[in-house]
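Residues per chain are reported as follows:
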Amino acid sequence: PAHRAGTCAGPQVVADRYSYIAVLGWTILAGYGAQFIWQLRASGRLHQRAFLIFNGTSVLILIALGVFTWRETRMWHDSERLWRHAISSDAKSSLARMNLGLHLVEQKKLAEAIEQLRVAVQLDPGSYDAHNHLGYALAAQGLADEAVQEFRKSIQISPSLPNAYNNLGNALADGGNLNQAAEQFRLAVGAAPEQADGY
């Protein structure tokens, strides 16, 4: 049976994309200011030299912003680069290490994935997700006994969420413990009867 990591949603309110809202007012102000300068020049109330200085400064600012944008988009090239950048910015980010670990599992880089997920568990030992994701990676590596321990820790922390029950059931089934696995799948169905995995 396939194991599932579940989803990992973080503090979305601080995402980079929301910075566009914060700078919207400044962008409108800059556009209005540029229009005002051009109107002054058209009416002859602004000297040619001042107008050229304004235009030159504007071009330099746009070039600088373009360079910063190019540097920022390089970080978003792929998930691995993004999460490694996040870790280099904050080595104590459990969320970044979990997401990097899950990406590495998808890339079949299981040893490094487990290493990152172990650090995530150390950084946030009370995290349901950290234990569940570490168990997921251990199971993918064929370390069923260790995976079972992590899934059990995950369930102790948050007994109402079904992913760890499903993962624990899969790990037990992989180890030949079918009766125990069936019990975990029953618990998964009880926690989320609308989800198909437990069934």
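Every value quoted in this text rests on a predicted model; they were computed, and no experiment measured them. Every chain's residues receive numbers from 1 upward, in the order its sequence appears when written. With pLDDT at 70 or above as the cut-off, local features in this predicted model cover only qualifying residues; side-chain atom pairs require 80 or more to be listed or tallied, and sums for whole chains, interfaces and linings still use all residues. Here the side-chain values reflect all heavy atoms present in the structure, with hydrogen atoms and water set aside.

**Describing the overall build of the protein chain**
- Secondary structure elements follow DSSP: runs of H or I of four or more residues count as helices, runs of E of two or more count as strands, with numbering from the N terminus. Assigned secondary structure in the protein chain consists of nine helices and zero strands.
- Relative to the compact-globule value of 16 Å for 199 residues, the protein chain shows a C-alpha radius of gyration of 26 Å, a clear excess of over 25%.
- On the principal axes, the C-alpha backbone points of the protein chain span a range of 90 × 35 × 25 Å.
- For each residue, the accessible area found with a 1.4 Å probe, counting protein chains only, is set against the maximum for its type, and the residue is called buried under 20%, exposed over 50%, and partly exposed in between. Taking all 199 residues of the protein chain together, 34% fall into the buried category.
- What makes two residues a contact is simply this: any of their non-hydrogen atoms within 4.5 Å. In the protein chain, 46% of the contacts between residues at least 6 apart in sequence involve partners at least 24 apart.
- Counting rule applied: Lys, Arg positive; Asp, Glu negative; His and chain ends not counted. In this description, the location of a charge corresponds to atom NZ of lysine, CZ of arginine, CG of aspartate or CD of glutamate. Averaging the locations of the 17 positively and 17 negatively charged side chains of the protein chain gives two centres separated by 14 Å. Here the globule rule is a power law, 2.2 Å times the number of residues to the power 0.38, and the radius of gyration is based on C-alpha atoms.

**Section: helix 1 (residues 19–42)**
- Over its 24 residues, helix 1 extends 35 Å from the first C-alpha to the last, a length consistent with the 34 Å expected when each residue adds 1.5 Å.
- Across the chain, bend at a residue is computed as the angle between axes fitted to the seven residues ending at that point and the seven starting from it. Residue Gly25 marks the point of greatest curvature in helix 1, where the axis turns by about 35 degrees.
- Count one or two residues on from helix 1 and you reach Gly44, which has phi positive near 85 degrees. Take the residue count of a helix, subtract one, and multiply by 1.5 Å to get its expected span.

**Brief notes about unusual backbone geometry**
- With a phi angle near 65 degrees, Lys108 is a residue other than glycine that sits in the positive phi range.
- One can find Lys108 in the loop between helix 4 (94–106) and helix 5 (110–123).

**Details of a nonpolar patch on the surface**
- Nonpolar side chains collect at one region of the surface, where Val59, Leu60, Ile63 and Val67 lie side by side and expose about 370 Å² of accessible area between them.
- Position of Val59 relative to the elements: it lies in helix 2 (residues 48–75).
- Assessed through its relative accessible area of 47%, Val59 is described here as partly exposed. Residues enter a patch when their relative accessible area is above 30% and they make no salt bridge; the linking distance is 9 Å between like charges and 5 Å between nonpolar side chains (Val, Leu, Ile, Met, Phe, Trp, Tyr). Exposure was quantified through the Shrake-Rupley algorithm and a 1.4 Å probe, taking into account, for residues, occlusion by the shown protein chains and nothing else. Salt bridges are identified by distance alone: a Lys or Arg side-chain nitrogen within 4 Å of an Asp or Glu carboxyl oxygen.

**Examining the nonpolar core**
- Take the buried residues of types Ala, Val, Leu, Ile, Met, Phe, Trp, Tyr and Cys, join any two whose side-chain atoms come within 4.5 Å, and each joined set is a nonpolar core. By size, the foremost hydrophobic cluster in this structure holds 33 residues, and its most contacted members are Val105, Leu134 and Leu168.
- Mapped onto this core, the elements with two or more residues apiece are helix 4, helix 5, helix 6 (128–140), helix 7 (144–157), helix 8 (162–174) and helix 9 (178–191).
- Broken down by element, the residue count for this core peaks at seven residues, all from helix 6.
- If sequence neighbours within four positions are ignored, Val105 has contacts with Leu110, Ala113, Tyr136, Ala137 and Ala140.

**As for the confidence of the model for the protein chain**
- One confidence number per residue, pLDDT, is output by the predictor and ranges from 0 to 100. Per-residue pLDDT for the protein chain has a mean of 88; in total, 91% of the residues score no lower than 70.
- Looking over the protein chain, one finds the lowest element-wise mean pLDDT in helix 1, namely 88, and the highest in helix 5, namely 96.

**Examining the packing of helix 1 against helix 2**
- Interhelical geometry of helix 1 versus helix 2 gives an angle of 155 degrees and a closest axis separation of 10 Å. Considering their axes alone, helix 1 and helix 2 lie roughly antiparallel with respect to each other. For the pair helix 1 and helix 2, the sense of crossing is left-handed. Contacts from Ala34, Ile37, Trp38 and Arg41 in helix 1 reach Gln48, Phe51, Phe54 and Asn55 in helix 2.
- Side-chain classes are defined by residue name, with Ala, Val, Leu, Ile, Met, Phe, Trp, Tyr, Cys and Pro counting as nonpolar, Asp, Glu, Lys and Arg as charged, and the others, Gly among them, as polar. Across the contact of helix 1 with helix 2, the residue classes break down as five nonpolar, two polar and one charged. Note on method: axes are straight lines fitted to C-alpha atoms, helices fitted across the in-contact stretch only, with angles between N-to-C directions ranging 0 to 180 degrees. The scheme is simple: roughly parallel for angles under 35 degrees, roughly antiparallel for over 145, roughly perpendicular for 65 to 115, oblique for anything else. Should the near helix be turned anticlockwise from the far one by less than a right angle, the crossing is termed left-handed; should it be turned clockwise, right-handed.

**Points about helix 4**
- Between its first and last C-alpha atoms helix 4 spans 19 Å; for 13 residues at 1.5 Å apiece the expected length is 18 Å, and the two agree.
- Most of helix 4 sits inside the fold, with 11 of its 13 residues counted as buried.
- Within the span of helix 4, buried status applies to Ser94, Ala96, Arg97, Met98, Asn99, Leu100, Gly101, Leu102, His103, Leu104 and Val105.
- Residues of helix 4 that are buried in the fold lie against helix 3 (79–89), helix 5 and helix 6.
- Following helix 4 by one or two positions, Lys108 adopts a phi angle in the positive range, close to 65 degrees.

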